[in-house]
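# Descriptive analysis of the structure
Each chain is listed here by its residues.
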Amino acid sequence: MNDAVARVDDDHPTARYVAIITDGNGRWARRRELPVNEGHRAGADNVKARLRDAAELGIRELTVYSFSTENWSRPVEEVGGLMRMFSERIASETPELHEEGVRMRFIGRRHGIPPELVEQMRWAEELTDSNERITLFVAFNYGARAEIVDAARAFEGESEAEFRACLYAPEMHDPDLIIRTSGERRLSNYLLWQSAYSELIFREELWPEFSRRALEESLAEFRARQRRFGRR
């Protein structure tokens, strides 16, 4: 890792753990008079491109909001296309990401997802488990309220640390920074437990248009902020 990238100071730390609400694929497609699933394909291409940028920029964990528990209410054709695309991407891209040192983890409810897709997710996680360059957390069939409810069902302790152990990915760090694209300004049921002290940045670009430069600008804006965590 580049020392200049890795350097951190107490007042203006570099974001190591970044989460993105990858919003705007459908609008991107409509503006180009394309089928909505072409927007999702462009968005998936951009996830892979920005993942590589993130690794080069010293980010250790990148979490992307891929499919929410609420997205099942979308048209059947769109949901079916998303499931097929997700399956195709896991099969074709996991070996490539494995070679690049990416560790893959999927967070969200597994029930309700086609069994063959669940098996592919398990395969990708097992294949890449020992990689250390960067971890990609894919929030798929994910909702933060569902995660908290599921954790509460399993929780038998007393402390926050014990509750965290019941979350979908207890090893995931709280995001330093959450970025949302497309001009919307809300969290949309995303990482509600983990985002207690996350910095929020809202960008106007639709997700397929979110470039490396936009990522770098977001990281620079984060570094300019002073994080107090309740202190003065």
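Refer to the structure presented above.
Below is a short write-up of the structure. Computed from a predicted model, the values in this text were never measured in an experiment. (Residues numbered from 1 in each chain as written. Predicted model: local features only at pLDDT ≥ 70, side-chain atom pairs only at ≥ 80, totals over all residues. Heavy atoms only, no water.)

On to the packing of aromatic side chains. Counted by the stated rule, this structure contains eleven aromatic pairs. Their ring planes at 90 degrees and their centres at 6.3 Å tell us that Y142 and Y190 sit as a pair that is edge-to-face. You can see Y142 sitting in strand 4 (residues 134-142) and its partner Y190 sitting in the loop between strand 5 (177-180) and strand 6 (199-202), a full 48 residues away along the chain. Residue Y142 shares its accessibility class with Y190, and that shared class is buried. Judged by centre distance (4.7 Å) and plane angle (40 degrees), the ring pair of F163 and W193 falls under tilted. A residue pair is termed long-range when its members are at least 10 positions apart, and F163 in helix 7 (residues 160-164) and W193 in the loop between strand 5 and strand 6 qualify at 30 residues. (Phe/Tyr/Trp six-rings, centres within 6.5 Å; stacked < 30°, edge-to-face > 60°. Helix = DSSP H or I, 4+ residues; strand = E, 2+ residues; numbered from the N terminus. Buried < 20%, exposed > 50% of the residue type's maximum accessible area, 1.4 Å probe, protein only.)

What follows deals with the packing of helix 4 (residues 76-99) against helix 5 (residues 115-128). Closest axis-to-axis distance for the helix 4/helix 5 pair is 10 Å, and the angle between their directions is 15 degrees. On the basis of the axis angle, helix 4 is roughly parallel to helix 5. Considering the relative orientation of helix 4 and helix 5, their crossing is left-handed. Together, M83, F86, S87, I90, A91, T94, P95 and H98 of helix 4 and L117, Q120, M121, W123, A124, L127 and T128 of helix 5 make up the contact between the two elements. For the contact of helix 4 with helix 5, a count of residues per class yields ten nonpolar, five polar and no charged. (Axes fitted to C-alpha atoms, helices over the stretch in contact; angles between N-to-C directions. Parallel < 35°, antiparallel > 145°, perpendicular 65-115°, else oblique. Left-handed = near helix turned anticlockwise from the far one by under 90°. Contact = heavy atoms within 4.5 Å. Nonpolar A, V, L, I, M, F, W, Y, C, P; charged D, E, K, R; others polar.)

The next point concerns helix 6 (residues 144-154). Taken together, the buried positions of helix 6 are occupied by A144, A146, E147, D150 and A151. The arc that holds the buried residues of helix 6, viewed along the axis, is 155 degrees, so those residues lie on one side. Of the exposed residues in helix 6, those oriented more than 90 degrees away from the buried face are R145 and R153. (Arc of directions from axis to C-beta.)

Membership of the largest hydrophobic core comes to 41 residues, with the highest contact counts inside it found for V18, L62 and F140. When residues of this core are assigned to their parent elements, the largest contribution, seven residues, is made by helix 4. Every residue in contact with V18, bar those within four places of it in the chain, is listed here: I59, E61, L62, T63, L177, I179 and L219. (Core = buried A, V, L, I, M, F, W, Y, C linked by side-chain atoms within 4.5 Å.)

Most of strand 4 is tucked away, with nine of its nine residues classed as buried. Here seven bridges tie strand 2 (residues 61-68) to strand 4, and the two strands are oriented parallel to one another. Bridging from a neighbouring strand, F67 pairs with F140 of strand 4. Bridge count between strand 3 (residues 102-107) and strand 4: six bridges; the pairing is parallel. Note on strand 4: the bridge partner recorded for M104 is L136. (Pairing = 2+ DSSP bridges.)

Attention now goes to the side chain of R180. On the secondary structure map, R180 appears in strand 5. A polar contact is formed between the side chain of R180 and the side chain of D23, at a distance of 3.0 Å. In terms of polar contacts, R180 uses its side chain to reach the side chain of S188, at 2.7 Å. With sequence-adjacent residues up to four places away left out, R180 is seen in contact with I21, D23, R186, L187, S188, I201, F202 and R203. (Polar contact = N/O pair within 3.5 Å; in protein donor to acceptor, adjacent residues only side chain to side chain.)

The subject of this paragraph is unusual backbone geometry. In this structure, E33 takes a positive phi of about 55 degrees despite not being glycine. Mapped onto the elements, E33 comes out in the loop between helix 2 (25-31) and helix 3 (36-56). Taking relative accessible area as the criterion, E33 reaches 76% and is therefore assigned exposed. A positive phi is found at S188, a non-glycine position, where the angle reads about 50 degrees. A relative accessible area of 31% places S188 in the partly exposed class.

Another aspect to go through is the pattern of salt bridges. As enumerated under the stated definition, the model contains 32 salt bridges in all. Between R41 and E88 there is a salt bridge whose closest N-O contact spans 3.6 Å. In this pair, R41 is assigned in helix 3 and E88 in helix 4, connecting sequence segments 47 residues apart. The exposure class assigned to R41 is partly exposed, which follows from its relative accessible area of 30%. Among the ionic pairs, E100 bridges to R52, the shortest N-O distance being 2.7 Å. One end of the pair, E100, is in the loop between helix 4 and strand 3; the other, R52, is in helix 3, with 48 residues separating them in the sequence. Through salt bridges with shared partners, one network takes in D45, K48, R52, R89, E93, E96 and E100. (Salt bridge = Lys/Arg side-chain N within 4 Å of Asp/Glu carboxyl O.)

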